[in-house]
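Breakdown of the fold
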Amino acid sequence: MYKVPYDNIKFHVRDASLTQFNLTGDHTLDYHLAVNITVRNSNKKIGTIQYDTITSRTNCYGKGLGLVSLTPFTQGHKKTTLLRRVFQGKTSLKLQGSHLMDFTNDQRNGNYSIILKLDGLAKMKYPGGGISTQWNYYVVCGLLRLPLLLANSSTDQAIYARLFITRRCKLSFYAPIYT
């Protein structure tokens, strides 16, 4: 892991809602998860950050749910960008051992455990035309405990949006690529 000389780039999960999470008898999980993430460049040493690739992934109970590529973007210093992503679909989810026990407990408690991660390539450009460096980055937003909301109940969603606690994600850079 390489030390990046600036650490004022922040990722936060601002909101997340789970409106479908149904495991059928044939081990098929139907899911619909919406996530809002903010990216903040509060660094004075970087003129712009160009996110060339950004991929978001979700996992639950030992299984990857979805992989979604986001649109590349450029961000100036002292700027915040909102990323909205929806993960939905069906996946095979045959639970055993501790994963089955965790799912059963979560189902009983009404809050499901989902892990959110992002990764990609970013290029930092310094003010005054300094050298551009491209870095691989990895973001872990940790374990989100989400209740299942009714898809067409705006009251449920409005109440939960006020209760959701913003979660700061951990950002790591590694293996610089010099251009």
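The chain is annotated in an unreviewed UniProt entry as Late embryogenesis abundant protein LEA-2 subgroup domain-containing protein of Papaver nudicaule. Its UniProt record, at the heading Subcellular location (unreviewed entry), says of the chain: "Membrane".

1. A closer look at the state of the cysteines
What the rule picks out here adds up to one disulfide. Put simply, Cys141 and Cys169 are joined by a disulfide, and their sulfur atoms are 2.2 Å apart. With the S-S dihedral at roughly 100°, the linkage between Cys141 and Cys169 falls on the right-handed side. Of this pair, Cys141 sits in strand β8 (residues 133-147) while Cys169 is found in the loop between β9 (167-168) and β10 (170-178), placing the two residues 28 residues apart along the sequence.

2. What to know about the packing of aromatic side chains
Under the counting rule described, the total for this entry stands at 10 aromatic pairs. When the ring of Phe21 is compared with that of Phe103, the centres are 6.4 Å apart and the planes differ by 35°; the resulting orientation is tilted. Highlighted residues: Phe21 in strand β1 (residues 9-23) and Phe103 in helix α1 (residues 97-109), separated in sequence by 82 residues. The burial state of Phe21 is the same as that of Phe103; both residues are buried. Within the aromatic cluster, the residues linked to one another by ring pairs are Phe11, Tyr51, Phe73, Trp135, Tyr137 and Phe173.

Basis of the calculations
Residues numbered from 1 in each chain as written. Predicted model: local features only at pLDDT ≥ 70, side-chain atom pairs only at ≥ 80, totals over all residues. Heavy atoms only, no water. UniProt positions renumbered as here; feature names shortened; annotations may be inferred. Disulfide = S-S within 2.5 Å. Helix = DSSP H or I, 4+ residues; strand = E, 2+ residues; numbered from the N terminus. Phe/Tyr/Trp six-rings, centres within 6.5 Å; stacked < 30°, edge-to-face > 60°. Buried < 20%, exposed > 50% of the residue type's maximum accessible area, 1.4 Å probe, protein only.

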